[in-house]
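Reading the structure
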Amino acid sequence: MSTGMKTENYISYQLLQKKRTIRPIDKKAGEKVRRRWDSLAKPLDSLGKFEELTARMGAILEDADFNWKRRAVLVMCADNGVVAEGISQCGQEVTLAVCKSMGQKKSSVGKMAEVNGTRVFPIDIGIASEEEIPGVENFKIAPGTRNFATEPAMSEEEVYQAMDVGISLVKRCKDQGFSLVAMGEMGIGNTTTATAVAASCLKLPAVQLVGKGAGLSDEGLQKKERVIQEAIDTYDLYEATPFQILQTVGGLDLAGMVGIILGGAYYHIPIVLDGILSVVAALVTYEMLPETLDFLIPTHVSKEKVASRILEKLGMEPVIRGDLALGEGTGAVMFFSLLDTAMALYEDGTSFEKMQVETYQRFE
């Protein structure tokens, strides 16, 4: 997807260089959401995180009467050259196979999204195949990244291109009337790239963060740790910028997700996080542009240990703690079902006024 465009013309570049401003969230709309929750016939804050997160949604969308039912999952699909180092139980052919199933709405996220009416959009941003996949949109930047054990994973232009894909997809979702956009991913080896990026940004040894991904042996886990730590040391990533880290050991899916977060902040669309890839994307974007944090909705904490470290750093409390690690955006889709239940009360709950009962008073 070579555009011939100068780097300065990418929206992502302009946002990161602050040549385009991000409008702050509407805190008054958020407070209006909180007051409505307080008016309902229930104890104050009794729906916990759902009251907090829906208030944030209202603030982002600048409307206390936002339509939460129109939601999409953007599933960024890409391959990672570092798979050549034997850091995964299976090969890149699995990415293609799962994406074909995803295009037919037969993969995990498709089946789960059907239950609560969420739309799933699989995106080929870097699958290592030239095959056109029915039901999967082709935004391919390259047929996978390079092996970061031997050379940087991406060029600077490839990172900006991937980010711009994410931004453009959020704009399209907004234009089509979606109010919530969740992020999913599919790509063999992407827990390795995500952990390498996270360890570099957090300045922590790989051994403290690396997990078994889709299922590694103890020997495979040690190899994964070694590959990541050697890359950090070789490229001196503890001293690199977040962009340089992403370019060196990240993936096209991860760069695209950074773009989705930038797009959410720029176009005022709540971005719903899923598992490890999405929270690493949140960390990178926050390090580059801290105001993007206001536009993120956490849903669950992946059983990959790096996820909890990042959520703690970002000050985010997930709703679901179920040791999920399925990917594809499935955790976000599960959150939407819970959101539907909570919002049924928000939309049509009995108020204290209707019951002619005095409301609870909030004491600060």
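In what follows, the accompanying structure is described. Just so it is clear, the structure is predicted and the values come from calculations on it, not from any experiment.

**Overview of the nonpolar core**
- Judged by nonpolar contacts, the single largest core of 128 residues is most densely connected at Met-163, Ile-271, Val-280, Ile-310 and Phe-335.
- With 10 residues, the top contributor of residues to this core is helix α10 (residues 252-267).

**Looking at the layout of surface pockets**
- In this structure, the second largest pocket encloses a volume near 210 Å³.
- For the second largest pocket, the full set of lining residues is Ile-25, Lys-27, Gly-30, Glu-31, Arg-34, Glu-52, Ala-55, Arg-56, Ala-59, Leu-293 and Asp-294.
- Listed by contribution, the elements that provide at least two residues to the lining of the second largest pocket are α2 (27-39) and α3 (49-61).
- For the lining of the second largest pocket, the class distribution of residues is 4 nonpolar, 1 polar and 6 charged.

**A short note on the packing of aromatic side chains**
- Scanning all chains against the criterion turns up 8 aromatic pairs.
- For the pair Trp-37 and Tyr-346, a centre-to-centre distance of 5.0 Å together with 50° between the ring planes defines the contact as tilted. Of this pair, Trp-37 sits in helix α2 while Tyr-346 sits in helix α13 (residues 330-348), placing them 309 residues apart in sequence.
- Among the residues examined, Tyr-346 registers a relative accessible area of 5% and is labelled buried.
- Both rings, one in Phe-50 and one in Phe-335, keep their centres 6.0 Å apart while their planes meet at 5°; by these two values the pair is stacked. Of the two residues, Phe-50 is situated in helix α3 and Phe-335 in helix α13; the sequence distance between them amounts to 285 residues. Each member of the pair, Phe-50 as well as Phe-335, carries the same accessibility label: buried.
- Through a chain of ring-to-ring contacts, three or more aromatic side chains come together here, namely Tyr-10, Tyr-13, Tyr-160 and Phe-243.
- For Arg-172, the ring lying beneath its charged end belongs to Phe-121, and the centroid distance is 5.6 Å.

**What about the pattern of salt bridges?**
- Summed over all chains, the structure comprises 13 salt bridges.
- In this structure, Asp-65 and Arg-36 form a salt bridge, with 2.5 Å as the shortest nitrogen-oxygen distance. Pair noted here: Asp-65 is in the loop between α3 and β1 (71-78) and Arg-36 is in helix α2, with a separation of 29 residues, a long-range link.
- For Glu-137, the salt bridge goes to Arg-172, with nearest N and O atoms at 2.6 Å. Of the two residues, Glu-137 is situated in strand β3 (residues 137-138) and Arg-172 in helix α6 (residues 156-175); the sequence distance between them amounts to 35 residues.
- Under the relative-accessibility criterion, Glu-137 is labelled partly exposed at 25%.
- Residue class for Arg-172 comes out partly exposed when judged on its relative accessible area of 24%.

**Points about the packing of α3 against α13**
- The contact between α3 and α13 brings their axes to 11 Å, and the two run at 95°. Here α3 is positioned roughly perpendicular relative to α13, judged by the angle of their axes. Between α3 and α13, the residues in contact are Phe-50, Leu-53, Thr-54 and Met-57 and Phe-335, Leu-338, Leu-339, Ala-342 and Met-343, respectively.
- Partitioning the contact of α3 with α13 into residue classes produces 8 nonpolar, 1 polar and no charged.

**Some thoughts on the environment of Val-279**
- Along the chain, the position of Val-279 falls in helix α11 (residues 276-288).
- Excluding residues that lie within four positions of it along the chain, Val-279 makes contacts with Leu-273, Asp-274, Ala-307, Ile-310, Leu-311 and Leu-314.

**Quick word on the sheet that holds strand β2 (residues 119-126)**
- In space, the 6 strands of this open sheet follow the order β3-β2-β1-β4-β5-β6, with parallel pairing throughout. A strand with exactly one partner marks an edge of an open sheet, and here the two such strands are β3 and β6 (296-297).
- Bridge analysis of β1 against strand β4 (residues 180-186) gives 7 bridges, and the strand direction is parallel. The residue bridging Cys-77 from the neighbouring strand is Met-186, located in β4.

**Here we look at the pairing of β4**
- Taking burial as the measure, the 7 residues of β4 include 7 buried ones, the bulk of the element.
- With burial as the criterion, each face of β4 is covered, one bearing Leu-180, Ala-182, Gly-184 and Met-186 and the other bearing Val-181, Met-183 and Glu-185.
- Sheet topology places β4 next to strand β5 (residues 271-272); 2 bridges connect them, and they run parallel. Residue pairing in the sheet places Val-181 in a bridge with Ile-271 of β5.

**Side note on unusual backbone geometry**
- The residue Lys-203 is not glycine, and still its phi comes out positive at about 60°.
- Inspection of the secondary structure assignment puts Lys-203 in the loop between α7 (190-202) and α8 (218-234).

**Thoughts on the pairing of β2**
- Summarising burial for β2: 7 of the 8 residues are buried, a large majority.
- Bridging between β1 and β2 involves 7 bridges; their strand directions are parallel. When the sheet's bridge partners are listed, Cys-77 is paired in β2 with Asp-124.
- Relative to β3, β2 runs parallel, the two sharing 2 bridges. Counterpart to Ile-123 in the pairing with β3 is Glu-137.

Cut-offs applied
- Residues numbered from 1 in each chain as written.
- Predicted model: local features only at pLDDT ≥ 70, side-chain atom pairs only at ≥ 80, totals over all residues.
- Heavy atoms only, no water.
- Core = buried A, V, L, I, M, F, W, Y, C linked by side-chain atoms within 4.5 Å.
- Buried < 20%, exposed > 50% of the residue type's maximum accessible area, 1.4 Å probe, protein only.
- Helix = DSSP H or I, 4+ residues; strand = E, 2+ residues; numbered from the N terminus.
- 1 Å grid on protein atoms, 1.4 Å probe; cavity = no way out; pocket = protein on both sides within 12 Å on 5 of 7 lines; lining within 4 Å.
- Points joined across faces, edges and corners; volume = space filled by probe spheres on them.
- Nonpolar A, V, L, I, M, F, W, Y, C, P; charged D, E, K, R; others polar.
- Phe/Tyr/Trp six-rings, centres within 6.5 Å; stacked < 30°, edge-to-face > 60°.
- Lys NZ or Arg CZ within 6 Å of the ring centre and 35° of its normal.
- Salt bridge = Lys/Arg side-chain N within 4 Å of Asp/Glu carboxyl O.
- Axes fitted to C-alpha atoms, helices over the stretch in contact; angles between N-to-C directions.
- Parallel < 35°, antiparallel > 145°, perpendicular 65-115°, else oblique.
- Contact = heavy atoms within 4.5 Å.
- Pairing = 2+ DSSP bridges.

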